[in-house]
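# A structural walkthrough
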Amino acid sequence: MHLIRVLRSSTFRYAIIYMLVFGISVAGVLGFVYWQTVRVIASQTDDTIQAEITGLAEQYRQFGLLGLVRIIRERSQAAPGRRGLYLLADRNYNRIEGNLSSWPPIARGAADSTVDFLVATDVGENPKPQVARARTFQLTGGFYLLVGRDMT
């Protein structure tokens, strides 16, 4: 009987309404912060990738294909914490150099565009696919360059 009176009281109803409004407000703020963080990280990643492509394209112009292969080989063997992804391919998307085994199907025919795809990790007994973000670029001579980052 006492519990029924408490549940019917206006104080209890106001407390429930306040908790709902507070919960919705907190969820809204946290959602906004998450969305903004994801946007900033994606923008920074895109800027980093574009800067690397610009540098690699300059290497190609100065030192030709052999110079580009050398620099991609060096960057591909860098410390795992860098999480840089590189792939130089011929006009048929066959791998020439890089730390990816093959050109991602989603990036075929997508010259000078940004793509998200899954890439397998080399860590542990059960490698799991990770999300990667990359930009593709077509070089003179019919070669394709993919530069990206493991987004984990």
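About the cut-offs
Residues numbered from 1 in each chain as written. Predicted model: local features only at pLDDT ≥ 70, side-chain atom pairs only at ≥ 80, totals over all residues. Heavy atoms only, no water. Patch = residues over 30% accessible without salt bridge, like charges linked within 9 Å, V, L, I, M, F, W, Y side chains within 5 Å. Areas by Shrake-Rupley, 256 points an atom, 1.4 Å probe, with all protein chains shown as cover. Salt bridge = Lys/Arg side-chain N within 4 Å of Asp/Glu carboxyl O. Helix = DSSP H or I, 4+ residues; strand = E, 2+ residues; numbered from the N terminus. Phe/Tyr/Trp six-rings, centres within 6.5 Å; stacked < 30°, edge-to-face > 60°. Buried < 20%, exposed > 50% of the residue type's maximum accessible area, 1.4 Å probe, protein only. Lys NZ or Arg CZ within 6 Å of the ring centre and 35° of its normal. pLDDT = per-residue confidence, 0-100. Contact = heavy atoms within 4.5 Å. Pairing = 2+ DSSP bridges.

## Observations regarding a nonpolar patch on the surface
A cluster of nonpolar side chains, namely Leu7, Phe12, Ile16, Tyr18, Met19, Leu20, Phe22, Val26 and Leu30, defines an oily patch on the protein surface of about 900 Å² accessible area. Of all the elements, helix H2 (residues 10–76) adds the most residues to the nonpolar patch, at eight residues. Its place among the elements puts tyrosine 18 in helix H2.

## Some details on the packing of aromatic side chains
The description of two aromatic rings rests on the distance between their centres and on the angle between their planes. Under the criterion given, the structure shown has five aromatic pairs. Both rings, one in tyrosine 18 and one in phenylalanine 22, keep their centres 6.3 Å apart while their planes meet at 20°; by these two values the pair is stacked. Taken together, the residues span about one helical turn, with tyrosine 18 and phenylalanine 22 both in helix H2 at a distance of four residues. The two residues tyrosine 18 and phenylalanine 22 agree in class, both being exposed. Taken together through their ring pairs, the aromatic side chains of Tyr93, Trp103 and Tyr144 make up a single cluster. We note arginine 39 situated over the ring of tryptophan 35; from NZ or CZ to the ring centre the distance is 5.5 Å.

## Describing the confidence of the model for the protein chain
Scored by pLDDT, the protein chain comes out at a mean of 85, with 89% of its residues at no less than 70. Across the protein chain, the element-wise mean pLDDT spans from 72 in helix H1 (residues 2–8) up to 92 in strand S2 (residues 95–98).

## Quick look at the side chain of aspartate 150
One can find aspartate 150 in strand S5 (residues 144–150). Not counting the four nearest positions on each side in its chain, aspartate 150 is found in contact with Arg83, Leu85, Gln130, Val131 and Ala132.

## Some thoughts on unusual backbone geometry
Even without glycine at this site, tyrosine 93 takes up a positive phi of about 65°. With respect to the helices, strands and loops of the structure, tyrosine 93 is situated in the loop between strand S1 (84–89) and S2.

## Quick word on the pairing of S1
Along S1, six of the six residues are buried, which leaves the element largely enclosed by surrounding structure. Alternating residues of S1 divide into Gly84, Tyr86 and Leu88 and Leu85, Leu87 and Ala89, and every residue in both groups is buried. Pairing between S1 and S5: six bridges, direction antiparallel. When the sheet's bridge partners are listed, leucine 85 is paired in S5 with glycine 148. The pairing of S1 with S2 spans three bridges and is antiparallel. Note on S2: the bridge partner recorded for leucine 87 is glycine 98. Connecting S1 to the antiparallel partner S2 that follows it, the hairpin turn spans five residues, and tyrosine 93 within it adopts a positive phi of roughly 65°.

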